[in-house]
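Structure at a glance
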Amino acid sequence: MVGREEPDAAPTATPVDVSVVRPLRTAVLRPGRSAEASVLPGDDHPLALHVAVVDDGEVVSVGSVFPDVAPFLPDRMDAWRVRGMATRDGLRGRGLGHLVLSALIDHATANGGQLIWCQARIGAPRFYARSGFVTDGAPFVYEDIEHIHMWRDL
């Protein structure tokens, strides 16, 4: 169940069941694809966290994090991966994604993570850089979309 926010309350990123994040993942990250396309490896990891920002009863921003070794830093067994970051069209640039990412970073840190990483879509590096992430390597294509690896120490 998605938590209800008080009117005029500042938005917060709240832990939710993975089923809450998947519809927005599909709409933003995999439009035109089946709902199964938003089921990601790692979603069911016992330490995974899925968070959502809810505004007026509507899920407007989501993300997930779970332990996963970065392919570009294979000796870092203390790594956590951010996946499925999505904010509803028309609501980007309002800090909602930052709320989600901060909650994911806090969870990884609280569970012993020392590094956090992601495969950022090529338009997203500035967003992640504002939270201290740096790029690693050259851009690459994943699922027909250009990405780049990004990471930061925790």
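Notes on the structure in this doc start here. (Residues numbered from 1 in each chain as written. Predicted model: local features only at pLDDT ≥ 70, side-chain atom pairs only at ≥ 80, totals over all residues. Heavy atoms only, no water.)

**As for the pairing of strand E7 (residues 145-153)**
Filter applied, for reference: Here a strand pair is declared whenever DSSP counts at least two bridges between the two strands. Helix and strand labels come from DSSP, where a helix needs a run of H or I of at least four residues and a strand needs a run of E of at least two; each type is numbered from the N terminus.
By the bridge criterion, 7 bridges tie strand E5 (residues 115-121) to E7 in an arrangement that is antiparallel. Each bridged residue has a counterpart across the sheet, and for Cys118 the counterpart in E7 is Met150. Adjacent in sequence and paired antiparallel, strand E6 (residues 134-142) and E7 are bridged by 2 residues, among which Glu143 carries a positive phi angle near 50 degrees.

**Comments concerning the nonpolar core**
Put simply, the rule reads: Take the buried Ala, Val, Leu, Ile, Met, Phe, Trp, Tyr and Cys residues and link them wherever side-chain atoms come within 4.5 Å; each set so joined is a nonpolar core. Exposure categories follow from relative accessible area, calculated using a 1.4 Å probe and restricted to protein chains: below 20% of the type maximum is buried, above 50% is exposed, and the middle band is partly exposed.
The biggest cluster of nonpolar side chains holds 24 residues, and the ones touching the most others in it are Val65, Val82, Leu104, Ile116, Tyr128 and Phe133. For this core, the elements supplying multiple residues, two or more each, are strand E2 (49-55), strand E3 (58-67), strand E4 (79-87), helix H2 (96-110), E5 and E7. With 7 residues, the top contributor of residues to this core is H2. In this structure, Leu24, Val28, Val59 and Ala86 belong to the second largest nonpolar core, which totals 12 residues.

**Structural notes on the pairing of E4**
Defined as follows: When the strands point away from the viewer and the path from the first strand over the helix to the second turns clockwise, the crossover is right-handed.
E4 sits mainly inside the fold: 9 of its 9 residues count as buried. Across 6 bridges, the pairing between E3 and E4 is antiparallel. Residue pairing for E4: Phe66 is matched across the bridge by Arg81. For the crossover from E4 across H2 to E5, the handedness is right-handed.

**Regarding the pattern of salt bridges**
Rule in force here: Counted as salt bridges are all cases of a side-chain nitrogen of Lys or Arg within 4 Å of a carboxyl oxygen of Asp or Glu.
Applying the stated rule across the entire model yields 9 salt bridges. Ionic pairing is found between Asp43 and Arg22, a salt bridge with its closest N-O pair at 3.1 Å. Taken together, the residues Asp43 in the loop between helix H1 (18-29) and E2 and Arg22 in helix H1 connect sequence positions 21 residues apart. Owing to a relative accessible area of 7%, Asp43 belongs among the buried residues under this scheme. Across the pair Glu143 and Arg33 runs a salt bridge, and its minimum N-O distance is 3.4 Å. In this pair, Glu143 sits in the loop between E6 and E7 while Arg33 sits in the loop between H1 and E2, placing the two residues 110 residues apart along the sequence. Residues joined in a network through salt bridges with shared partners are Arg22, Arg25 and Asp43.

**Comments concerning the packing of aromatic side chains**
For clarity, the cut-off: Whether two aromatic rings pair depends on their centres lying within 6.5 Å, for rings of Phe, Tyr and Trp, where Trp uses its six-membered ring; planes under 30 degrees apart make the pair stacked, over 60 edge-to-face, and the rest tilted.
Counted by the stated rule, this structure contains 3 aromatic pairs. Measuring from ring centre to ring centre gives 4.9 Å for Phe127 and Tyr128, while their planes differ by 75 degrees; the resulting arrangement is edge-to-face. A relative accessible area of 7% means that Tyr128 is categorised as buried. Feature note: the residues Phe127, Tyr128 and Phe133 constitute an aromatic cluster, connected by ring pairs.

**Observations regarding H2**
The criterion, for reference: Multiplying one less than the number of residues by 1.5 Å gives the expected span of a helix.
For H2, spanning 15 residues, the distance from its first C-alpha to its last is 21 Å, which sits close to the expected 21 Å at 1.5 Å a residue. All buried positions along H2 are accounted for by Leu96, Gly97, Val100, Leu101, Ala103, Leu104, Ile105, His107 and Ala108.

**Concerning the side chain of Arg83**
The cut-off we apply is this: Under this rule, positive means Lys or Arg and negative means Asp or Glu; His and the chain ends count for nothing. Residues are treated as being in contact if the distance between any of their heavy atoms lies within 4.5 Å.
Topologically, Arg83 is positioned in strand E4. Of the side chains with opposite charge, Glu143 lies nearest to the buried Arg83, which makes no salt bridge, at 5.8 Å. In contact with Arg83, other than residues within four places in its own chain, are Arg30, Leu40, Pro41, Gly63, Ser64, Phe66 and Tyr142.

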